[in-house]
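One-letter residues, chain by chain:
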Amino acid sequence: MDVYACKSAVRLRVLHGALVFCVSAILVAAGCATTQTKPQSDAAAVQLRYTRYGIPHVKAADFRGAGIGLGYAVTRENLCVMAEWFLTVRGERSKFLGADNRYRSLFLIFDDGWATNFESDVFYRYFMSDDRLTVLNEALSDEARDLVAGYADGYNRSLAEFGDAQPKECAGEPWVRPISSDDILRRVYEYTLLAGVTPMLGNIANGLAPKNAQTKVTSAPNSAYHAYRDGASPASNAYAFGRKASANGRGVLLGNPHFPWFGAARRYVAHLTVGEDFNVFGAIGLGFPAVTIGFNNDLAWSQTYSTDQRFAIYALDVDPGDKRSVIIDGKSVPLEAKPVSVEMSSGDTRKVTLYESPFGIMLNSKKFPWTGSKAYALAAINRDNFRTLDQYLAIGRAGTVAAMKSAVEQHQGLQFSNIVAADRQGDTLFANFSVAIDIDDAKLERCVAGDAGREFLAEYDIFMLSGAKSACSPTVSQDQIQPGVIPTQRKPFLFRDDYVLQSNDSHWIVNADPSSYLGGFDRAIGEEGTQRGERLRAGLVMVKDRLSGEDGLPGKGFSPEALRKIFYQSRSYMAEAMVDDIVARCVIKTAAQSSMAAEVDLTKACSVLAGWDRRMQPDSVGALLFIEFMRALPQKKRTPYLPLEALWDVPFDASKPLTTATGVSRHPAIMQALADAVFKMKNNGFALDAPLKDYVYVEVDGERLGGSGGPYNLHMYRVDMTPGVGYVGVPRGGDTFIHATTFDEDGPVSKIVLGKSQATDPSSPYFLDQLPLYLKGEWFDAPFSEADIAADPAYKLIVIDPS
């Protein structure tokens, strides 16, 4: 069946195993005759209403029905990516895609972003065991279990409807097959493990013995839909404005999460209405059955990746007489062997043995080698976090920022996120109640693994602790929701009626008012008294200029429309902080040596930077040169961009955190980075004085569209470079689901756009239809009320019998 065909009414019966279902569809599309018909009278029927850009509005009497409608809709546009990811979490990539082939993932930060299929299978077969899924299923509420079961049902209905007309990217592949509720449970659990466990995938999967430690990589992924083909570091912006800062006296929220644009981690927009008390619009991950970022009738929220330590690495002494034992508290402690079997494409089975220590699972890799004297274990507390799905259902029900705080406090199921929210009453909330490992500052000081551990913390912002004493284990106490997790009583939150901003820095500063600074929390939650990243400082400049009326826009308060315009101004805070000093340095030094030992004339580059408008818009001349300069500048390895302390003319001062660091020092790395940028651009044939759109663009339906924003910007747009051509093609990551939401007397008023659009299937009309909107800065009104949904010009209805 072609669901995009122009039909006034279609009734379809599909037999799939023992499952018989009916779908009634009324498709109203451009050029088609509009047919007014009523939905089925059966109150249990699932109504799937589509509006512009393929957004499904699922209305059901219960959560099983909501899952059916959502699973059906998502699968229609994303079958191949979803089928492959279910293959991944089942641990069957080696069987169908070859053990030595590999794929790229955003989250594999300790594997350089790549994993072989065999490593992946070992990891997922171990962590997604039947026993583990049973524990997860029993921990879920009845509503969550019904949602999971319904989603699997909806996926299978959609798969059956494709028949032999599957998307060509995966048509006829044996791994495209029906799924069970367990597959959705695996996806839910995988979403939880993304922070603190999955980053170590290859380091875990290599097992103990050298014969198990390596799998030869023979090729990269060979098709466009392979999971996470292009990665990007996690980041996000979330800004909430209260009654004292909004244009209408109500809450206003800007949600701007940064996720990859490929694979199952990409965002999909849906609207779920369940019964009388659950009505949520927002973004989800493919295969995950709940809205994670969005709004309801009275509350809007977003998330940012938090600075919590969600795991610790323990350095262990190996027993000299037994490589499979470690020394803890002066005694030899045997490790627990965990055999794992993976089926190969030949039909044979390859086996490895993983090992568990009292601190956690053992690692073995070049980064964390298991030698005759030293070894490393991973203590990852999200392994026992089975609350994620119910956490998001509770968030969806919250109607005020106070209720939101209660929801995240009660479940403490957020696996890696801060929450930022604004409500109808004009109150705002910042809360970091996400999972964090309970290693207080005193224990960190006692247990850090010497100089190596201190260096690891400074460089990577990760705890490496000594495993010589059991007392260095995460603290366990009665007030914890699960053993080893910092209780919410010791975590930061803030209510404000003006604003809170979050851009992946820690909790310390979310508002410019010094009396609002949040201090005295453990280092495991985040740094205090340290330099903030460029996106937070850019946001604070944005607030100051908007509230003083100095940003060139009418009025002084925040509204969704004002946020859209400010967003696409694409101001570069780092340029405003640095470029004047760089240009001044050029008067003294007109040439510099690049890191390749080439002498580079900087005269023209300095002239270009002097004339640049300090924005990253398509017509901005000098923007690409500055981006390349920033790429070449030494920085700390963390999400908020932080040039090294020695590069600032006015160094950071914790007593003046928002006015320092500024300017650029006379450090030789400054001019060397500019020389590297010039060398790179000239080597690729890029004109130093060309506008950004000449080398950063996407072609959609024959139209070349220049992209604004950049990798060091509030408006984040990341594209891999094609040598000699530019940063062309669909971005690999950055802005995903953007929503700017406020409220009127009737409900939410939201402007939205989804970066790459709803579909991964190139044959879908929703494949790239929102991308031009995003690039041009054209957000659209989100239909939320029943009247707005029905009035949408692209409205079409599918009624599904859930029986």
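Placed above this text is the structure.
Residues numbered from 1 in each chain as written. Predicted model: local features only at pLDDT ≥ 70, side-chain atom pairs only at ≥ 80, totals over all residues. Heavy atoms only, no water.

**Section: helix α17 (residues 623-632)**
Quick reminder of the rule: Each residue is placed in one exposure class: buried if its accessible area under a 1.4 Å probe, protein chains only, is under 20% of its type's maximum, exposed if it is over 50%, and partly exposed if it falls in between. Each helix is a run of DSSP H or I of at least 4 residues and each strand a run of E of at least 2, with the numbering of both proceeding from the N terminus. Whether two residues are in contact is decided by their heavy atoms, any of which lying within 4.5 Å being enough.
With eight of 10 residues buried, α17 lies mostly within the body of the structure. Buried-residue contacts for α17 involve α15 (573-588), α16 (603-611), α18 (668-683), β27 (696-700) and β30 (727-728).

**Re the packing of α15 against α16**
Note the cut-off: To define axes, lines are fitted to C-alpha atoms, for helices over the stretch in contact only, and angles between the resulting N-to-C directions are given on a 0 to 180 degree scale. In this scheme the handedness of a crossing depends on how the near helix is turned from the far one: anticlockwise by less than a right angle means left-handed, clockwise means right-handed. Think of it as three bins: nonpolar holds Ala, Val, Leu, Ile, Met, Phe, Trp, Tyr, Cys and Pro, charged holds Asp, Glu, Lys and Arg, and polar takes everything else, Gly as well.
Contact geometry of α15 with α16 gives a least axis separation of 9 Å together with a crossing angle of 145°. Between α15 and α16 the crossing geometry is left-handed. Between α15 and α16, the residues in contact are Val579, Ile582, Val583 and Cys586 and Cys606, Leu609 and Ala610, respectively. When its residues are assigned to classes, the contact of α15 with α16 shows seven nonpolar, no polar and no charged.

**Observations regarding helix α9 (residues 388-397)**
Most of α9 sits out of view: nine of its 10 residues are buried. Among the residues of α9, Thr388, Leu389, Asp390, Gln391, Tyr392, Leu393, Ala394, Ile395 and Gly396 are the ones counted as buried.

**Some thoughts on the pattern of salt bridges**
When their charged atoms lie close together, side chains carrying opposite charge are able to pair. Our working definition: For this analysis, a salt bridge means a side-chain nitrogen from Lys or Arg found within 4 Å of a carboxyl oxygen belonging to Asp or Glu.
Scanning the model with the defined rule gives 49 salt bridges in all. For Glu409, the salt bridge is made with Lys405, and the minimal N-O distance between the two is 3.0 Å. Remark: Lys405 and Glu409 occur in helix α10 (residues 401-411); sequence separation between them is four residues, near one turn of the helix. Owing to a relative accessible area of 14%, Lys405 belongs among the buried residues under this scheme. Between Asp451 and Arg454 there is a salt bridge whose closest N-O contact spans 4.0 Å. Of this pair, Asp451 and Arg454 both sit in helix α12 (residues 450-460), three residues apart, which is roughly one turn of that helix. Among the charged side chains, a network of salt bridges with common partners joins Arg90, Glu92, Arg177, Asp183 and Arg186.

**Points about the nonpolar core**
What tends to happen in soluble globular proteins is that the nonpolar side chains get buried as a cluster. Note the cut-off: Grouping buried Ala, Val, Leu, Ile, Met, Phe, Trp, Tyr and Cys residues that are joined through side-chain atoms within 4.5 Å yields what is termed a nonpolar core.
Counting 115 residues, the largest nonpolar core has Ile204, Ile313 and Met404 as its most contacted members. Residue contributions to this core peak at 16 residues, all from helix α1 (residues 63-89). Not counting residues within four places of it along the chain, the set of residues in contact with Met404 comprises Leu299, Trp301, Ile395, Ala398, Ile419, Ala421 and Leu429. Membership of the second largest hydrophobic core comes to 107 residues, among which are Phe262, Leu609, Val664 and Ile670.

**Considerations on the environment of Leu378**
One can find Leu378 in strand β19 (residues 374-380). On the basis of relative accessible area, Leu378 is assigned to the buried category, the value being 1%. Remark: the alpha-carbon pair of Leu378 and Arg324, spanning 54 residues in sequence, is separated by 16 Å. Among all residues touching Leu378, those that are not within four sequence positions of it are Gly196, Val197, Met200, Ile204, Phe311, Ala312, Ile313, Phe359, Gly360, Ile361 and Leu363.

**Topic: the packing of α9 against α10**
The condition is simple: Here roughly perpendicular refers to angles of 65 to 115 degrees, roughly parallel to angles under 35, roughly antiparallel to angles over 145, and oblique to all remaining angles.
Two elements in contact, α9 and α10, have axes separated by 9 Å at closest approach and are oriented at 165°. Considering their axes alone, α9 and α10 lie roughly antiparallel with respect to each other. α9 and α10 meet at a crossing whose hand is right-handed. Here α9 contributes Asp390, Gln391, Ala394 and Ile395 to the contact with α10, which in turn contributes Met404, Ala407, Val408 and His411. By residue class, the composition of the contact of α9 with α10 is five nonpolar, two polar and one charged.

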